[in-house]
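Chain residues, written in single-letter form:
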Amino acid sequence: DKSHLKSNLAYIYQKLSKYDEAKSLHEEVLKTKTEFLNPNSQDYAIALMNFGTYLFETGEHIKAEAYFLKSEAIFKKNNDSGSFAYTSLLINLAQLYDTKRHLKKSLDYYEKVIDIYSKSGLENSENMSLALHGKASALLSVGDKDEAIKSEKQSFEIIKNNFDHTSLQYGNAALNYG
């Protein structure tokens with residue numbers, strides 16, 4: 001099965017803003033996964049998430065949300081709510097709800113990610129920093145400046161303490177924290 005390769009290539013096309021090529025590959029992967037996999041498998045959930053990410057990046061937020069929620073349901077059904085793929089999905093949902101200005105939902109998803117990473121010993125990971133930064137942004141949007149600053153500071157501290165000061169992660173975190 002070449003689906004993983006095609007999915008990775010679709011991701012690369014997305015990053016290069018070659019959206020037609022990305023869409024074609026994502027649709028091909030989804031077709032293959034639909035034909036040959038159990039519709040409740042983690043691989044199928046990941047394919048749904050990946051296509052949802054494409055849709056989100058291309059501004060099709062309603063469709064993206066539908067793919068994300070279908071993927072989330074599969075992860076939950078399989079009791080796979082601690083995996084890296086699941087937390088990536090939750091970050092995608094949080095960012096989608098940020099964009100749609102559904103800040104309560106966004107905060108709820110960021111909190112889920114933070115909780116999973118805290119319980120998994122990944123409290124110093126880059127993705128934890130990303131979740132804390134997203135939470136800070138949403139908190140600021142709802143007017144909770146003190147908690148936003150606290151969350152952004154935690155995000156920056158993770159990067160500061162775990163990445164080289166010349167890294168891209170450190171530079172981005174420093175810009176966010178100010």
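Calculation rules
- Residues numbered from 1 in each chain as written.
- Predicted model: local features only at pLDDT ≥ 70, side-chain atom pairs only at ≥ 80, totals over all residues.
- Heavy atoms only, no water.
- Helix = DSSP H or I, 4+ residues; strand = E, 2+ residues; numbered from the N terminus.
- Rg over C-alpha atoms; globule rule 2.2 N^0.38 Å.
- Buried < 20%, exposed > 50% of the residue type's maximum accessible area, 1.4 Å probe, protein only.
- Contact = heavy atoms within 4.5 Å.
- Areas by Shrake-Rupley, 256 points an atom, 1.4 Å probe, with all protein chains shown as cover.
- Lys, Arg positive; Asp, Glu negative; His and termini not counted.
- Salt bridge = Lys/Arg side-chain N within 4 Å of Asp/Glu carboxyl O.
- Phe/Tyr/Trp six-rings, centres within 6.5 Å; stacked < 30°, edge-to-face > 60°.

Draft legend 1. Spotlight on the overall build of the chain. Per the secondary structure count, the chain includes nine helices and zero strands. Counted from the first residue to the last, the chain has its helices and strands arranged as α-α-α-α-α-α-α-α-α. In terms of overall size, the chain behaves like a compact globule, its C-alpha atoms giving a radius of gyration of 17 Å where 178 residues would be expected to give roughly 16 Å. The principal-axis extent of the C-alpha atoms belonging to the chain is close to 50 × 35 × 30 Å. Counting only residues that meet the buried cut, the chain has 40% of its 178 residues in that class. Long-range contacts, defined as pairs at least 24 residues apart, comprise 52% of the intrachain contacts of the chain with a sequence gap of at least 6. Split by element, the accessible area of the chain, about 9800 Å² in all, is 53% carbon and sulfur.

Draft legend 2. Molecular detail of the side chain of D98. Structurally, D98 can be placed in helix α5 (residues 84-99). Buried and without a salt bridge, D98 has R101 as its closest oppositely charged side chain, separated by 6.0 Å.

Draft legend 3. Highlighting the pattern of salt bridges. On inspection of all chains with the given rule, the structure shows ten salt bridges. The closest approach of N and O atoms between K135 and E111, which form a salt bridge, is 2.6 Å. With K135 in helix α7 (residues 126-141) and E111 in helix α6 (residues 103-119), this pair connects stretches of sequence that are 24 residues apart. The exposure class assigned to E111 is partly exposed, which follows from its relative accessible area of 34%.

Draft legend 4. Structural detail: unusual backbone geometry. A positive phi is found at S17, a non-glycine position, where the angle reads about 60°. Within the secondary structure layout, S17 lies in the loop between α1 (3-15) and α2 (19-36). Residue R101 is not a glycine yet carries a positive backbone phi of 65°. Its location among the elements puts R101 in the loop between α5 and α6. Judged by its relative accessible area of 53%, R101 falls in the exposed class.

Draft legend 5. Seen up close, the packing of aromatic side chains. Considering all chains together, one arrives at five aromatic pairs under this definition. Taken together, a centroid distance of 5.7 Å and an interplanar angle of 15° make the contact between F51 and Y54 stacked. Pair noted here: F51 and Y54 are both in helix α3 (residues 42-57), with a separation of three residues, about one helical turn. Just as F51 is buried, Y54 falls in that class too. With 5.0 Å between their ring centres and 80° between their planes, F51 and Y67 make a pair best called edge-to-face. Placement of F51 in helix α3 and of Y67 in helix α4 (residues 61-77) is noted, with a sequence separation of 16 residues between them.

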